[in-house]
Amino acid sequence: MPDMPHLWMRHESRASERRAPLVPEDAARLVAQGATITVEESPQRAFPLTDYTAAGCRTAPAGSWADAPDDVFVVGLKELPDEPKELRHRHVFFGHAYKGQTGARELLDRFTSGGGRLLDLEYLTDGAGRRLAAFGYWAGYVGAALAVLHRRGALTAPLTPLDKARLDALLAAGSGDSPGGGTRAADALVIGALGRSGRGACDALEVAGVDTARWDVAETRELDRAALIDHDILVNTVLVTRPVPPFLRTEDLDDPRCRISVVADVTCDVTSECNVLPVYDEITDWERPARALRGGERPVDVIAIDNLPSLLPVEASRAFSAELAPHLGRLGTGDPVWERCLGSFEAAVRDDGGAREAEPSPHRPGDRAAAPSTTEETRP
């Protein structure tokens, strides 16, 4: 049996990030198989440190991964802190650096200057290019839920984490309501409805009692723009891997027939040339979850939060960890899954900072998406 890896789960530097890539129950199974796991202290993580120590994990201060032994795999979810400038470890997290996003070149430079490697979880795929571990379902669920609550005037900022039962109660409480006491209840359109994120969005809208149109590949090959803008809520769950014609344009919002009042962009690919919703240029956040795109008599707001699943941190973490944990146990063994992941990093470095897609991705039937190519999941 190959040697098991030493995993070092870091504290997330983003204050609103409460998820964990590995939950205590899955950590216990890996430890029983021979893995060494060090878990950093974190005041915000949804799972107590004592649960990890009970699972057989070691502990370390927050941020101490920078001084960890060279052979550890540093495991996280969202962006790294700005220091150290040179990264010498092998890091497992969502880097968002292979499609020319803001900061892509700088992040890859940190790895190349320090001799480290990025094993980007977005590129953890099987031989057919399907994602093996993803938060997509919960991203879609929360994104659609926030859109509904915002349209009803029931979205309170700043956002705070909760559990699914509480979120569902909020959605069901306003089922059938219409803004301003009108007689027509809101309806919604989910683009990419057959993918994980799309299914999550549709499930949340069903709980909310919102009539939902479900589009996927067939409907988006040639867009019926009049039909697209004839909905109150638009939820985008499509993440494309190369530039395609946009789904929603500024001129669509200017169209007097446009009924859209809330756009929920689960993908949040705003800084990439692959953005399919070029009607906004800045993500939103927990402090200000919705931002105005249009004012006046036909206001339109956008919700574009790039860590949506962290609003349901326990449910999202458990689902993700169950998918990821078996693969973490095979780190450093030459496993083809991780070798493909490494190949994507090396291709991005050769491509001068991810100015193009790091690794060509075939179209995946049944996933979201209408473009020539899409990934299976949206941002975590």
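Scroll up to find the structure this text is about.
Reference entry: report on the structure contained in this document. Note that the structure is a prediction, hence the values are computed from the model and not measured.

**Focus on the pairing of strand E6 (residues 117–120)**
(1) Moving on: Here 4 bridges tie strand E5 (residues 90–93) to E6, and the two strands are oriented parallel to one another. Of the residues in E6, the one forming a bridge with Arg-90 is Arg-117.

**Remarks on the pattern of salt bridges**
(1) Moving on: Within the structure shown, the criterion is met by 23 salt bridges.
(2) Moving on: Ionic pairing is found between Glu-79 and Arg-14, a salt bridge with its closest N-O pair at 2.8 Å. With Glu-79 in the loop between strand E4 (73–75) and E5 and Arg-14 in the loop between strand E1 (6–9) and helix H1 (24–32), this pair connects stretches of sequence that are 65 residues apart.
(3) Moving on: Overall, the relative accessible area of 33% leaves Glu-79 in the partly exposed class.

**Notes on the nonpolar core**
(1) Moving on: Among the nonpolar cores identified, the biggest contains 89 residues, and Leu-30, Ile-37, Leu-146, Leu-328 and Trp-338 are the most heavily contacted of them.
(2) Moving on: Looking at this core element by element, the count peaks at 10 residues for helix H4 (residues 136–151).
(3) Moving on: One finds Trp-215, Leu-234, Val-238 and Val-279 within the second-largest nonpolar core, a separate group that totals 26 residues.

**Considerations on the pairing of strand E7 (residues 187–191)**
(1) Moving on: A large share of E7 lies buried, amounting to 5 of its 5 residues.
(2) Moving on: Here E7 shows a buried face lined by Asp-187, Leu-189 and Ile-191 and a second buried face lined by Ala-188 and Val-190.
(3) Moving on: Here E7 pairs with strand E8 (residues 211–215) via 5 bridges, running parallel. Note that in E8 the partner of Leu-189 across the bridge is Ala-213.
(4) Moving on: In the classification by handedness, the crossover that spans E7, the intervening helix H6 (residues 196–207) and the parallel E8 is right-handed.
(5) Moving on: By the bridge criterion, 4 bridges tie E7 to strand E9 (residues 233–236) in an arrangement that is parallel.

**Some thoughts on helix H3 (residues 104–114)**
(1) Moving on: Among the residues making up H3, those that are buried are Ala-104, Leu-107, Leu-108, Arg-110 and Phe-111. The arc that holds the buried residues of H3, viewed along the axis, is 145°, so those residues lie on one side.
(2) Moving on: Elements that come into contact with the buried residues of H3 comprise E5, E6 and helix H11 (336–350).
(3) Moving on: Positioned one or two residues after H3, Gly-115 has a phi angle of 85°, which is positive.

**Observations regarding the packing of H4 against helix H5 (residues 164–173)**
(1) Moving on: For the pair H4 and H5, interaxial distance at closest approach is 10 Å and the crossing angle is 35°. Pair H4 / H5 crosses with left-handed handedness. Contacts between H4 and H5 involve Trp-138, Tyr-141, Ala-145, Val-148 and Leu-149 from the first element and Lys-164, Leu-167, Asp-168, Leu-170 and Leu-171 from the second.
(2) Moving on: The residue makeup of the contact of H4 with H5, split by class, is 8 nonpolar, no polar and 2 charged.

**Section: the sheet that holds strand E10 (residues 262–265)**
Sheets are built from strands that pair by backbone hydrogen bonding, the pairs being arranged parallel or antiparallel.
(1) Moving on: In spatial order, the strands read E8-E7-E9-E10-E12-E11; together these 6 strands make up an open sheet with mixed pairing. Of all the strands in the sheet, just E8 and strand E11 (290–294) have a single pairing partner and so form its edges. Strand-to-strand twist of the sheet, defined as the mean angle between neighbouring strand axes without regard to direction, takes the value 20°.
(2) Moving on: Contacts from H4 reach E9, E10, E11 and strand E12 (300–303), with the element oriented near 160° to E10.
(3) Moving on: In the packing of H6 onto the sheet, contacts are made with E7, E8 and E9, and the angle to E7 comes to roughly 170°.

Cut-off values and rules
Residues numbered from 1 in each chain as written. Predicted model: local features only at pLDDT ≥ 70, side-chain atom pairs only at ≥ 80, totals over all residues. Heavy atoms only, no water. Pairing = 2+ DSSP bridges. Helix = DSSP H or I, 4+ residues; strand = E, 2+ residues; numbered from the N terminus. Salt bridge = Lys/Arg side-chain N within 4 Å of Asp/Glu carboxyl O. Buried < 20%, exposed > 50% of the residue type's maximum accessible area, 1.4 Å probe, protein only. Core = buried A, V, L, I, M, F, W, Y, C linked by side-chain atoms within 4.5 Å. Right-handed = clockwise from strand over helix to strand, strands pointing away. Arc of directions from axis to C-beta. Contact = heavy atoms within 4.5 Å. Axes fitted to C-alpha atoms, helices over the stretch in contact; angles between N-to-C directions. Left-handed = near helix turned anticlockwise from the far one by under 90°. Nonpolar A, V, L, I, M, F, W, Y, C, P; charged D, E, K, R; others polar.

Fair warning: the whole summary comes from geometry, so function is off the table for now.
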